[in-house]
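Coordinate inspection notes
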Amino acid sequence: MPGRWLLDANVPTQLVLILKGFGVEAATAASLGWKQLTNGLLVEAASNAGFSTILTRDKRFRQSASETLKRFPAMALVVLVLPQAPAFDFLRDFENSWAAKPIQPMAGQVIT
């Protein structure tokens, strides 16, 4: 799993530990002081900081990212489509989904 992954502000921060367990280096937008950045600015900041993938639960990010990804083609965006749930349940569902099919980000692409 190449690259560093950034978790958008709407993703439970505990997911960093789960991803590390899967061998993925990850950080949160909040921990980097980027919680208030709009989607395009978040992609730009993440790219400049060496991240290769952004994970988000924001379905609208998909629409705004298509133009931004043209400017930062090495970046990938993953829109998590797990049902809204308390963090514990969301994290359990994420682990189960990963076990069934690990996320495979593709540079310049938005995947769900």
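Right, let's walk through the structure included here. Keep in mind the model is a prediction, meaning the values are calculated, not measured.

Cut-off values and rules
Residues numbered from 1 in each chain as written. Predicted model: local features only at pLDDT ≥ 70, side-chain atom pairs only at ≥ 80, totals over all residues. Heavy atoms only, no water. Phe/Tyr/Trp six-rings, centres within 6.5 Å; stacked < 30°, edge-to-face > 60°. Helix = DSSP H or I, 4+ residues; strand = E, 2+ residues; numbered from the N terminus. Buried < 20%, exposed > 50% of the residue type's maximum accessible area, 1.4 Å probe, protein only. Contact = heavy atoms within 4.5 Å. Salt bridge = Lys/Arg side-chain N within 4 Å of Asp/Glu carboxyl O.

With that out of the way, let us pick up the packing of aromatic side chains. Under the defined criterion, the tally for this structure stands at four aromatic pairs. On the basis of an interplanar angle of 55 degrees and a centroid distance of 6.0 Å, the ring pair of W5 and W98 is categorised as tilted. With W5 in strand β1 (residues 4–7) and W98 in helix α4 (residues 87–100), this pair connects stretches of sequence that are 93 residues apart. Here the two residues W5 and W98 agree in accessibility, since each one is buried.

It is worth spelling out the side chain of N39 at this point. As for its placement among the helices and strands, N39 is situated in helix α2 (residues 39–48). With a relative accessible area of 18%, N39 lands in the buried category. Non-local contacts of N39, meaning those with residues more than four positions away in its chain, are made with D58, R60, F61 and S64.

Moving on to the pattern of salt bridges. On inspection of all chains with the given rule, the structure shows five salt bridges. D58 is paired through a salt bridge with R60; the nearest N and O atoms lie 3.6 Å apart. Judged by relative accessible area, which is 16%, D58 ranks as buried. Look at R60 and you get exposed, because its relative accessible area is 62%.

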